[in-house]
Amino acid sequence: TMANEGLCWPVTSTDDKGEVRSTQDTGKRILEAALRAVDDEAADAVHRERGWRFKYKKHFVKSVEISAKSPENALKVAGAGLDYMYDHFEFIRDGQRHVLREALRIYKGGFGTGVVAGQKPKPDSFELGVPYNGTTLTGDALQAQLDKWVRLGVCELSCGAAISQVAQAKPWLDLSDRYFVLLGAGAAMGPLQVLLAHGANVIAVDLNLDKIWRRLIGLAKDSCGTLTFPLKEGCEQSRLSDDELYTAAGCNLFTQTPEIKNWLLTVHPGKQLCVGGYAYLMGDLFPRVALAMDVIIKELTEKRKASVAFLCTPTDCHLVPVGAYNAAKDNLRKAPLWQKMIGLLSMGKMCVKNSRRPVTTAAGETLYVCDALVSAQGPNYALAKRLQHWRAMLAREIGCVVSSNVAPSTRTQSVTQNKNFAYAYETMHNFKPYEIPGPETSNAVMTALLIYDLNTPMQNGNKLMPIANPQQIFSQGAFHGGTWRCGFTFDSIGVPAVLLYYVQNLVVKNYLIAYNAVQTVGWAAVLYMALQFYLGAEEGTAWDAYGRPLVTFQNLASLEVAHAALGLVRAPVTTTAVQVASRLAVVNLVDAYAELHGHWACFFIALAWSITEVVRYSWYALNLLAKPLGAHTWLRYSTFIVLYPMGVFGEMSLWVASLPLIANASLFGVSAASLVTYAVLPGYLPGLPTLYMYMLSQRAKVLGGKSRKNKEA
C-alpha cells in the first residue's frame, strides 16, 4: 500500500502488531532537531512536550521567534530540520528499505517526455484579468479593487503595488519564454490555467490517473501555452491515441520520487526553470508529499539554479510588517462590543488579541510576529508548511529567486467540504477586515505575484534585496485576506464564526424574514386603506382611514437602526438612523395634531411610503429565501425615482403646515418653530440630492451590472 511503499514516515517503535510509524513522534523530533542547532532550551521543551497533537502550536511559534533573532539562526534551523527528514524518512521499494538521502543516489531511472502545444493563437498582447464576484477585473476596475483591498487591509501595500505593476507591465505578461515546473499541476490553488492563458511552457507533474491528464491536456490544448509531462518509459507519444496518452501520462510523487527528480534534471535543457510546490493532501500525507516535492526542488535549485515558488498559507506563523502589527492593535480597539464580550465570557479562549510581543534581533532590530496557526489543522499541516519555509530560505541563500507569498484562505472545494470551515467562511467578514475569495480570484492574484517576483530584483525572495531576516521572504506581497490585520487571531475566531453562522441562519435569518413579512403585510394594509379613502369609499379624515396602521408600522421601522447597529444587516447605521428619524418625526407630528389629520399632503406620504415599503420589504423577505424575480428587483431599484421626491414633498409640506401649531412649543428652551424653520427644513436641501444620487448609484450598480452581463451573454 502507499502507506509502506515509496517515501514513508520512519519507524518510531514496535508493538505486538509490528512496526509503528508515529507522525506525532517524528514531527516532534524534526522540530527538536531543527531547534537543537541554535537553542538547546527550546529543543528540550519540544522533547518534554506531551500531547503533541494539541500543544504543538507554541513550539512552532517559538521556532519562528528564535529564527528571527538572526539570519544565521533562521538558516541553521532550516538546514537542521530538513537534514533530519532526509536522514530519517524511508524510501521503500520491492521490500528494499533505504534512508531517503541514500535512495536518491541509488535509483537512476526516469521517464519519457510528452508535449502538447496549445491550439489557440498567441494574442498580440496580454492583459491581466482577475475574476471577482462574477466579473473579470481589468484596467482601471482592477486598480480600483486593488486600492480597496489595500485600504481595507485584505492585503498588504506591497502586494497591491506588485499586482498593479504587473497589470501595467504588458511585456511581463507574455510568458511564452518562461518554463514552469508545477508539482501538483492540477491543484485547486495552483497557477496552471493562468500560466497557460499567458502562453507559458508548463512542465506538469501529477498523479498517473486518466481523469487528471484528460483535464490537464484538455486545458493545454485550449490555450496558447505548452504542456510537457512525464510518460511511462518506453512510450512514444506519436504512437499513442488520445486515450492511451491519458493513461501513459503522469507519475507518483511518493513512489517515483527519484525518477521524477532525474527526469526533471534533463527536461528542456538550458532553459531557466521555476519550480513550484502546489500538491496538497490531507493529514499525514501532506508532510510526505511536501518532502517528495522538496527532493525535486532541492535538486533543481542546486543543479539548475531554478527559481522556487510556494503558496504560503495565512494560517501559519509569520514575520509581518509593522503596519500590519499596528493595524491589528487598532482593529482590536475598534472591534464590536459583542466580539469583545465573547473574549471575556470565554475566559480568553475565543477572540484572542492578534498582536504578540515584538522580537528584538541580535542586531537590535525589531521584528513583528503574527501567530495565525490553527490548532484544528494539526501538527502535520504545520510541519509541511514549515518545511516549505525552510527550503525557500535555503534556496534564496544559494542565489535562487524565491516567490513564496501568503495566499488568502480560499473557498476551495476541499476546504468547504468541511462544513465547519464552510460555515466559518460565510461569516468571517464580520471580523474586520477578513475577506474569503473564491479559487479563481486567488489563482489570478497569486500568479500575478509570481510574475512580479520573477521579473524584479526588488522583492524579498531575491538575494539582491537586503532584508533583516530570511523569514521576511514571506512578509512581502502578502494577500492574507485580513489575517495579519484582524484584531483577533485566526484560531480564536473560528468557533465564534461558526456559531455566528448558526445564529444568523437559524435565528437572525428567520427573524428578519418574519420582520420583513410583517412590514410587507402592514404597509400593504396602509396602501389598501389609503386607496379606499382617496377613491371615496371611506368617510372622515385621511388619518381616520389609515393613520393608526401607518403610525404603527413606521414606528416599528425604528428596529432597523438596531438591525444595522448589531450587524444583522449590512447597512450604515448613521444613514439608516437619519432616514428613520425623519419619517418618525413626521408621522408622530401628524398624529399629535388633529388639524393635520386631513391635510392634503398626507396623500403624498401615504402613497409614496406604502408603495415603496411594500416593494422593499417584500424584496428583502424573498431575498432571504431565494433570488427575487428580475421584475421585482427592477421595481426595488426604480420606484424611488418618482416616489422619493413625492414623499419628501409631502414631508416638507406637513412641516410647513405645522408651524402655526407648534409656535408655542419648545425643545430644550428653543422654539420648536425655529428648529423646524432653521434646522429641519434646510436639512432637506442637502439631504435630498445626496440620498437621491446614492440611490441612483446603487441602481446603476445592480441593474447596470445585469445589463452588462446580458450583453456579454
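In what follows, the accompanying structure is described. Computed from a prediction, not measured in an experiment: that's the story for all the values here.

Moving on to the packing of helix α5 (residues 71-88) against helix α13 (residues 285-304). Packing of α5 against α13 brings their axes to within 12 Å, and their N-to-C directions diverge by 110 degrees. When the interaxial angle is binned, α5 and α13 end up roughly perpendicular. Contacts from Leu82, Met85 and Tyr86 of α5 reach α13 at Leu291, Asp294, Val295 and Lys298. Per-class residue counts for the contact of α5 with α13 are five nonpolar, no polar and two charged.

We now examine the environment of alanine 514. Turning to its location among the elements, alanine 514 is positioned in helix α20 (residues 490-534). Spatially, the C-alpha atom of alanine 514 lies 7.8 Å from that of alanine 621, the residues being 107 residues apart in sequence.

What holds strands together in a sheet is hydrogen bonding between their backbones, with the strands either parallel or antiparallel. As summarised here, the arrangement of the three strands in space is β14-β16-β15, forming an open sheet in which the pairing is antiparallel. Taken across any chain shown, the strands that pair with only one partner, and hence form the sheet edges, are β14 (317-320) and β15 (359-360). Pairing analysis gives four bridges linking β14 to strand β16 (residues 366-371), with the strands arranged antiparallel. Across the sheet, cysteine 317 pairs through a bridge with aspartate 371, a residue of β16.

Together, Leu337, Met341, Leu344 and Leu345 make up an exposed nonpolar region whose accessible area comes to about 460 Å². Counting through the fold element by element, leucine 345 comes out in helix α15 (residues 337-345).

For an α-helix, 3.6 residues make a turn, and residues three or four places apart therefore share a direction. Taken together, the buried positions of helix α18 (residues 419-427) are occupied by Ala422, Tyr423, Ala424, Tyr425 and Thr427. Of the surrounding elements, those touching the buried residues of α18 are α17 (413-416) and α20.

Note the cis peptide between lysine 432 and proline 433, where omega equals 5 degrees. Relative to the helices and strands, proline 433 resides in the loop between α18 and α19 (439-455). Of note, asparagine 133 is a non-glycine position whose phi angle comes to about 50 degrees, a positive value. Structurally, asparagine 133 can be placed in the loop between β7 (130-132) and β8 (135-137). The exposure class assigned to asparagine 133 is exposed, which follows from its relative accessible area of 64%. At histidine 268, a residue that is not glycine, the phi angle is positive and equals roughly 45 degrees. Considering the arrangement of structural elements, one finds histidine 268 in the loop between α12 (257-266) and β12 (273-277). For histidine 268, a relative accessible area of 23% gives the class partly exposed.

Parameters and conventions
Residues numbered from 1 in each chain as written. Predicted model: local features only at pLDDT ≥ 70, side-chain atom pairs only at ≥ 80, totals over all residues. Heavy atoms only, no water. Axes fitted to C-alpha atoms, helices over the stretch in contact; angles between N-to-C directions. Helix = DSSP H or I, 4+ residues; strand = E, 2+ residues; numbered from the N terminus. Parallel < 35°, antiparallel > 145°, perpendicular 65-115°, else oblique. Contact = heavy atoms within 4.5 Å. Nonpolar A, V, L, I, M, F, W, Y, C, P; charged D, E, K, R; others polar. Pairing = 2+ DSSP bridges. Patch = residues over 30% accessible without salt bridge, like charges linked within 9 Å, V, L, I, M, F, W, Y side chains within 5 Å. Areas by Shrake-Rupley, 256 points an atom, 1.4 Å probe, with all protein chains shown as cover. Salt bridge = Lys/Arg side-chain N within 4 Å of Asp/Glu carboxyl O. Buried < 20%, exposed > 50% of the residue type's maximum accessible area, 1.4 Å probe, protein only.

Such coordinate-based values are descriptive only and should not be taken to indicate function.
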